[in-house]
Amino acid sequence: MCGILGILNFNNENLNKDLVIRMRDTMYHRGPDGAGIFLNGSIALGHRRLAIIDLSETGHQPMSNEDKTVFIVFNGEIYNYIELREELKKKGHKFHSTSDTEVIIHQYEEDGEQCVNKFNGMFSFVLWDSRRKKLFAARDRFGIKPLYYYIDDKKIIFASEIKAIIEDPNIKRIPDYQAISDYLFASRALGNKTMFQNIKEVEPAHMISVNKITRQVQVKRYWTLSHDYNYSRKLENTKEELLGLLDDAVKIHCRSDAPLGCHLSGGLDTSTVVALTARHRNNLKAFSIKFSDEPHIDETPYAKAVAKYVGAEYLENSPSAKDMARLLPYLMWQMDIPMSTDGGFSYYTVSQLAHKYVKVSLTGHGGDEIFAGYPAQFIASYNTAEMFNRRVDPDRLLKRSPNINRLKGLYSKGYRSIYRSIINRLFETKETFEDLWIKLHCGYLTENDPFVHKDFIRALKGYSSVDDYIKPFKEIETDKILDKCLYHDLRIYLPGLLHLEDRASMAVSLESRVPLLDYRIIEFLATVPPEQKVNGLKPKFLIREIASSLLPEEVWRRKDKFPFPVPGKFWLTDEIKRLTTDILLSSDSLKRGIFKPQALKALCTFNDVTAIWPILNIELWFKIFIDRDPNWLNMANLQGDSLKGRKG
């Protein structure tokens, strides 16, 4: 796990080495074990190393092939690197390390750009091919590892984090209002947008080829999920095959030359991963968190039961509201973007604990998205006749839509006419499947949001987030509603959680792994008919059946799981109220023209995180990344592990 940087000047102008190093070292936290640079005139590759596989100097990056014609910087893990290395050796390739990085180089020599199809892992890499004068970059199938790029008529820059790109003083920090609108609607920027107008995200399962001579830039998708249902396979055989895949996925995710443990929330997904990991790792440590002032969301009894059952050592952390208020600016700096949920604080807290003992931790991310664990998936899939042609129950919907919850706050503050008009408009018409899905997940389009300033709406020039949001429904070739829902969650919702997990763990130099997102598991599930996935309309039926032989009954039967939740009481504390007021009622926020000043003032009297969270995040992001407010920059850099004074 590392931080990577790649720069190519199209005009052959020599790059400034000091600037390249400074850009690279903004990502010190991603790789405190070492640093490297390849600089050849107008091309540069930079690397910060977190040593996980091949801890020796032979694993140092940038790495090259034997004749120094191909160089690479790589972030992530190729879990099937041992098998690939043996195949490549048989074809005559010579290896000088035991790292998975070198496997990528030789696989590229063998297969060119199609090498990415051979890799089972989480990865982003940038490769320079001097023979072809080509810069080649790629990202894993599900976007587990990040990769961003900036391009103009003079250069292209790739990096693991946006902060590395904007360290270049020639790159303007311009907010992307469309991305901000996406965030308010769907909790994240959609498509390849970022919060910066001139910086794009390499989308999952995409690769980019840059020809230095012609300056041609090609963006290609190299993998898509296709559904081909096997109706002849019996349910018992499905479960047997799936268990084999899950076990092998966890087994190869345990490949590490550094100490390895597991996150353990007490839910079905992390518990299953812990149980399978215990098969392949002795003296396993499991890490959890406990919010002692909220007993009704205390999951530690389940987590402890799992650890005892599988013979793992149980360790826990107990964060406070004071910790959260202190860390939010620092986490924003780490995230580069507004956080989708306050779960980023929980991920950081458990990662902080894990970092004291291990360098690698396996998590259960992806279980709800691939095994059908969300209520909305069932509302959309199995209440279709009832839900599509009558009014949606407002009481149920109000619990799910973040911006409707904001409107509830408005109602209590006297904006009753606005509240009623929007609620009435929501429930007065018949709706499509896409309409229902949006209502179950999203806030309002910007033009309907009573918190948004009219100047911001004008600046959007009619842009709507809907097309990008429903795009996955147009991509997937199946008529099964459940699988449409699962695919949408995989493409839209999950990347936001993976971003939180990556940044929270890398903030403390911990590698987080997600074995449930082994692409073989997801491709196998695409052959399983929905009738088997949720047999008897039971959420997460398949993994629950498998877990019944791995876990205590009170764990595999439970249905009340919360994903490392942050207690609502935190938002009532003086520390967080003070932080919220300082951010929202500052002169910059009140005159920014994104939100109405009276709405910001009203929010400061709310005690509802759902109402406050998105607006608080946007304003904090502006202060740190656009305003570059010295007070907030100081808070961001001095909380947690400060980067000040660190040299690569």
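Our subject is the structure listed above.
Residues numbered from 1 in each chain as written. Predicted model: local features only at pLDDT ≥ 70, side-chain atom pairs only at ≥ 80, totals over all residues. Heavy atoms only, no water.

Across the sheet, 5 strands lie side by side as S15-S14-S13-S16-S17; this open sheet has parallel pairing. Edge positions in the sheet fall to strand S15 (313-317) and strand S17 (511-513), since each of these pairs with one other strand and no more. Neighbour-to-neighbour, the strand axes of the sheet open up by a mean angle of 30°, direction not taken into account. As defined by bridge partners, strand S13 (residues 260-263) adjoins strand S14 (residues 285-289) across 2 bridges and the pair is classed as parallel. Among the inter-strand pairings, Cys262 is bridged to a residue of S14, identified as Ala286. Along the sheet face, helix H8 (residues 300-310) touches S14 and S15 and points at about 155° away from the line of S15. (Pairing = 2+ DSSP bridges. Helix = DSSP H or I, 4+ residues; strand = E, 2+ residues; numbered from the N terminus. Axes fitted to C-alpha atoms, helices over the stretch in contact; angles between N-to-C directions. Contact = heavy atoms within 4.5 Å.)

Time to look at the packing of helix H6 (residues 235-253) against helix H7 (residues 268-280). One way to put it is that H6 packs onto H7 with a least axis distance of 9 Å and a crossing angle of 65°. Relative to H7, H6 is oriented roughly perpendicular. In this structure, H6 crosses over H7, and the sense of that crossing is right-handed. Residue-level inspection shows Leu243, Leu246, Asp247, Val250 and Lys251 of H6 in contact with H7, the latter providing Val273, Leu276, Thr277, Arg279 and His280. Classifying every residue of the contact of H6 with H7 gives 5 nonpolar, 2 polar and 3 charged. (Parallel < 35°, antiparallel > 145°, perpendicular 65-115°, else oblique. Left-handed = near helix turned anticlockwise from the far one by under 90°. Nonpolar A, V, L, I, M, F, W, Y, C, P; charged D, E, K, R; others polar.)

All right, on to the environment of Lys480 then. Within the secondary structure, Lys480 is located in the loop between helix H19 (466-475) and helix H20 (481-506). Residue Lys480 is classed as partly exposed on the basis of its relative accessible area, which comes to 22%. Between the C-alpha atom of Lys480 and that of Ser381, which follows or precedes it by 99 residues, the distance is 8.3 Å. Other than its neighbours up to four places away in sequence, Lys480 contacts Tyr229, Tyr231, Pro530 and Glu531. (Buried < 20%, exposed > 50% of the residue type's maximum accessible area, 1.4 Å probe, protein only.)

With that settled, the discussion passes to the packing of helix H2 (residues 81-90) against helix H3 (residues 100-111). Their axes nearest at 10 Å, the elements H2 and H3 cross at an angle of 45°. Here H3 runs oblique to H2, going by the angle between their axes. Seen from above, H2 lies across H3 with left-handed handedness. Seen from H2, the contacting residues are Tyr81, Leu84, Arg85 and Leu88; seen from H3, they are Asp100, Val103, His106, Gln107 and Glu110. In terms of residue class, the contact of H2 with H3 is made up of 4 nonpolar, 2 polar and 3 charged.

Okay, the packing of aromatic side chains next. Evaluation of the coordinates by the stated rule reveals 22 aromatic pairs. Judged by centre distance (6.5 Å) and plane angle (80°), the rings of Phe119 and Phe125 are edge-to-face. Taken individually, Phe119 and Phe125 each receive the classification buried, so the pair is uniform in this respect. Consider the rings of Phe196 and Phe625, whose centres lie 6.2 Å apart with planes at 85°: the pair is edge-to-face. Of the two residues, Phe196 is situated in the loop between helix H5 (177-186) and strand S10 (199-201) and Phe625 in helix H28 (residues 609-626); the sequence distance between them amounts to 429 residues. (Phe/Tyr/Trp six-rings, centres within 6.5 Å; stacked < 30°, edge-to-face > 60°.)

The biggest cluster of nonpolar side chains holds 86 residues, and the ones touching the most others in it are Phe125, Phe136, Leu242, Ile370, Leu517, Ile521 and Leu551. Top contributing element to this core by residue count: H6, with 6 residues. Other than its neighbours up to four places away in sequence, Leu517 contacts Phe142, Ile144, His365, Gly366, Ile370, Leu490, Leu494, Leu498 and Ile522. Counting 85 residues, the second largest nonpolar core, distinct from the first, contains Ile165, Leu328, Leu497 and Trp571. (Core = buried A, V, L, I, M, F, W, Y, C linked by side-chain atoms within 4.5 Å.)

Once that is clear, we can look at the pairing of strand S12 (residues 217-221). Sheet topology note: the strand S11 (residues 206-211)/S12 ladder contains 5 bridges and is antiparallel. The residue of S12 that forms the bridge with Val210 is Val217. The hairpin turn running from S11 into S12, its antiparallel successor, is 5 residues long, and Arg215 in that turn takes a positive phi close to 65°.

On to empty space enclosed by the protein. Counted by the stated rule, this structure contains 9 cavities of 30 Å³ or more. Reported here for the largest cavity is a volume of approximately 300 Å³. Taken together, 26 residues form the lining of the largest cavity, with Tyr148, Arg188, Glu201, Ile337 and His499 sitting closest to its centre. Among the elements that take part in the lining of the largest cavity, H20 stands out by supplying 6 residues, more than any other. Broken down by class, the residue content of the lining of the largest cavity amounts to 14 nonpolar, 6 polar and 6 charged. (1 Å grid on protein atoms, 1.4 Å probe; cavity = no way out; pocket = protein on both sides within 12 Å on 5 of 7 lines; lining within 4 Å. Points joined across faces, edges and corners; volume = space filled by probe spheres on them.)

This model, assessed by the stated rule, comprises 43 salt bridges. Among the ionic pairs, Glu201 bridges to Arg188, the shortest N-O distance being 4.0 Å. On the criterion of sequence distance, the pair formed by Glu201 in strand S10 and Arg188 in the loop between H5 and S10 is long-range, its members being 13 residues apart. Arg188 carries the same exposure label as Glu201, and that label is buried. (Salt bridge = Lys/Arg side-chain N within 4 Å of Asp/Glu carboxyl O.)

Before going further, it helps to spend a moment on unusual backbone geometry. In the segment running from Gln61 into Pro62, the intervening peptide bond is cis, with an omega of 0°. In this fold, Pro62 is placed in the loop between strand S3 (43-49) and strand S4 (63-64). With a phi close to 70°, Asn12 is a non-glycine residue in the positive phi region. Relative to the elements of secondary structure, Asn12 occurs in the loop between strand S1 (2-9) and helix H1 (17-25). Residue classification places Asn12 among the partly exposed positions, given a relative accessible area of 49%. Although it is not a glycine, Asp54 sits at a positive phi angle of roughly 60°. Exposure remark for Asp54: the relative accessible area of 6% places this residue in the buried category.

Further remarks concern the environment of Val555. With respect to the helices and strands, Val555 occurs in helix H24 (residues 553-556). Residues Val555 and Leu268 lie 287 residues apart in sequence; the distance between their C-alpha atoms is 6.7 Å. When residues no more than four places from it in sequence are discounted, the contact partners of Val555 are Gly266, Ser271, Tyr302 and Val306.

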